[in-house]
Amino acid sequence: DLSAQGTLLYLHALHGAFPQALTLRGTALLGWAPTAPRAPGLCPLPTLYCTPPEAAALPSRSAALRVQLLFALRARALRVLEARLPNELHDALAALRDGWAELARELELGTLSPQPGLPEETRGRLRALLVPDGARAAELRAECERGFEGIVRRLWPQLQVVVVGTVRGGERLYCDALRRAACEGLPLYCPWYRVAGALLGVNLWPNEPTPRFVLCPEWAFCEFLPCPAEEQEEQRTVLLGELWEGREYTLILTARPGEYRCRAGEVLRVAGFHKQCPVVEPVRRESQALSVRGESIPEEHFCRSLCRAVGMWPGARLVDYICVESTLLGASSGAGAPHYEVFVELRGLRDLSEGQRHKLDHCLQEDFPIYKSFRFKGSIGPLRLHLVGAGAFARLRDAVGCPVPMPRVLREEQLLPIIQGTVIS
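Residues numbered from 1 in each chain as written. Predicted model: local features only at pLDDT ≥ 70, side-chain atom pairs only at ≥ 80, totals over all residues. Heavy atoms only, no water.

A.B. asks: I tried to follow the environment of Cys262 on my own but got confused; where do I start?
C.D. replies: Tracing the chain through its elements places Cys262 in strand β10 (residues 262-274). Cys262 sits in the partly exposed class, given a relative accessible area of 36%. Expressed as a C-alpha distance, the spacing of Cys262 and Leu251, which sit 11 residues apart in the sequence, is 8.8 Å. (Helix = DSSP H or I, 4+ residues; strand = E, 2+ residues; numbered from the N terminus. Buried < 20%, exposed > 50% of the residue type's maximum accessible area, 1.4 Å probe, protein only.)

A.B. asks: Can you walk me through the packing of helix α10 (residues 354-367) against helix α11 (residues 369-377) in this structure?
C.D. replies: Contact geometry for α10 and α11: axes closest at 5 Å, N-to-C directions at 120 degrees. When the interaxial angle is binned, α10 and α11 end up oblique. The residues of α11 that touch α10, namely those facing Asp361, Leu364, Gln365 and Asp367, are Pro369, Tyr371, Lys372 and Arg375. Grouping the amino acids of the contact of α10 with α11 by side-chain chemistry returns 3 nonpolar, 1 polar and 4 charged. (Axes fitted to C-alpha atoms, helices over the stretch in contact; angles between N-to-C directions. Parallel < 35°, antiparallel > 145°, perpendicular 65-115°, else oblique. Contact = heavy atoms within 4.5 Å. Nonpolar A, V, L, I, M, F, W, Y, C, P; charged D, E, K, R; others polar.)

A.B. asks: Looking at this model, I keep getting lost on the pattern of salt bridges. Mind explaining?
C.D. replies: Once the charged atoms of two side chains with opposite charge are near each other, the side chains can pair. The tally for this structure, following the rule as stated, stands at 27 salt bridges. The partner of Arg146 in a salt bridge is Glu143, with the nearest N and O atoms 3.0 Å apart. The exposure class assigned to Arg146 is exposed, which follows from its relative accessible area of 60%. Residue classification places Glu143 among the buried residues on the basis of a relative accessible area of 14%. The residue Arg154 makes a salt bridge to Glu143 at a minimum N-O spacing of 2.8 Å. With Arg154 in helix α7 (residues 151-155) and Glu143 in helix α6 (residues 134-145), the pair connects residues that are 11 residues apart, well separated along the chain. For the pair Arg154 and Glu143, a shared accessibility class is recorded, and that class is buried. Overlapping salt bridges, with partners in common, bring together Arg61, Asp91, Asp320, Arg397 and Asp398 in one network. (Salt bridge = Lys/Arg side-chain N within 4 Å of Asp/Glu carboxyl O.)

A.B. asks: Even after reading the chapter, I still don't get the nonpolar core, so can you show me in this structure?
C.D. replies: Where a protein is soluble and globular, its nonpolar side chains tend to be buried together. Of all hydrophobic cores here, the largest spans 66 residues; its most connected members are Leu81, Leu96, Val152, Leu200 and Phe224. The dominant element in this core, judged by the number of residues it contributes, is helix α3 (residues 61-74), at 9 residues. Split by domain, this core shows at least three residues from each of two domains, domain 1 (2-190) and domain 2 (213-285). The next biggest cluster of nonpolar side chains, apart from the first, holds 29 residues, and it includes Cys303, Leu346, Leu383 and Leu385. (Core = buried A, V, L, I, M, F, W, Y, C linked by side-chain atoms within 4.5 Å. Domains from an automatic or database assignment.)

A.B. asks: Honestly, the packing of α3 against helix α4 (residues 86-109) in this entry has me stumped. Any pointers?
C.D. replies: Packed helix pairs are characterised by how far apart their axes lie and by the angle those axes make with each other. In contact at an axis separation of 9 Å, α3 and α4 are set at 60 degrees when each is read in the N-to-C sense. Between α3 and α4 lies a crossing whose hand is right-handed. Packed against α3, whose contacting residues are Arg61, Leu65, Arg66, Leu69, Leu70, Leu73 and Arg74, the element α4 presents Asn87, Glu88, Asp91, Ala92, Leu96, Glu102, Leu103, Glu106 and Leu107 at the interface. In terms of residue class, the contact of α3 with α4 is built from 8 nonpolar, 1 polar and 7 charged. (Left-handed = near helix turned anticlockwise from the far one by under 90°.)

A.B. asks: What am I meant to see in the pairing of β10 here?
C.D. replies: Every other side chain in a regular strand lies on the same face of the sheet, so the side chains alternate between the two faces. Here strand β9 (residues 248-254) pairs with β10 via 5 bridges, running antiparallel. Each residue of the ladder has a partner; that of Tyr249, found in β10, is Leu268. Between the end of β10 and the start of strand β11 (residues 277-285), which pair antiparallel, lie 2 residues, with Lys275 showing a positive phi angle near 50 degrees. (Pairing = 2+ DSSP bridges.)

A.B. asks: Please explain the sheet that holds strand β6 (residues 198-202) as it appears in this structure.
C.D. replies: In a beta sheet, neighbouring strands are held together by backbone hydrogen bonds and run either parallel or antiparallel to one another. Reading across the sheet, the 7 strands line up as β5-β6-β7-β11-β10-β9-β8 and stay open at both edges, with antiparallel pairing between neighbours. Both outer strands of the open sheet, β5 (192-195) and β8 (221-227), are each paired with one neighbouring strand and no more. Put simply, the sheet's adjacent strands are angled 50 degrees from each other on average, direction ignored. Summarising the sheet, strand β7 (residues 213-215) and β11 pair through 2 bridges and their orientation is antiparallel. Of the residues in β11, the one forming a bridge with Phe213 is Val280.

As structure tokens, this is what we get:
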């Protein structure tokens, strides 16, 4: 059974790095899984968790995260804080920042307030699990009044590690933000490598800042295309035993017997070997690339250029972004060449001058000569930058209602329903 094997490897790695982490009810889960209420977290061992599994299956993402946060706050002796996605932990801590006074009141009274997305019958069952705790409520008030830098370690002084289920693409922004602020001083451990819903590998090194995954041969049938492509008419795929350390490969996946063999859209780098099994680092997703004229700018490279531009805006910190290809606003945007529409959420800066807005386009031209060439010829129009309000991307995730990482590169038809729903302001 793959889930049992993966669970044992994960628990062994976690215990080896943090011997005191695995205690009864010592793990809190923050994550939304409306279609899988029976799985309380990364591993199916409910005795580890202080958060009830029913909370993860609520119909509303924001309600699920808030209820789970309340149960986590009850457990002062927490050892592991676990989130399925980094943005879920970020959004739960944002709910703490905005609503700590109400959470403290609920802790003090041992109650659970009515809220949208929390059915009354479910609220009654969850409320029966709560007991008044005035001392913990007072502690929560005192720590939140001090501010939110390092709040996670201050609220849970015995916490040893923060576990996030996956770190892909733009999710790294949230990991960086958590390390700098709320989770300051705590290691972030990403234990799993999943592609297209299939479990492919496990991270055996919880203390290392960059996730590396051992590919487990029996979990799926994997083939690899050398990358960049060799100049020959037909490329030959290689198997696990034919990989070379330091090289990059495109993943070809057959997850289970009887399933289609497909190009998974993942590029991996072989970082080494562990007992003859390849150890890989995900490099990029082929499907996440900007290409209105065939320029093919990978998502992670665009993100680097964006972060460089944000660094030129004094006081600004990037929270999240989405880049949309071509004329998102249709006729209202006027006639023009295909271009990028970039929506960014910033902290520390409310507005940008025209000069600052052009910095991102200049950074892209400096970082990608082919983009600069298209811009010079006029076949790609000027990039358009839009600021969105605080919390806009959290509301977007709630509206989309998809418990998987949200892509940062979209086509205009993919974002149009969101614009029409006024989620982004």
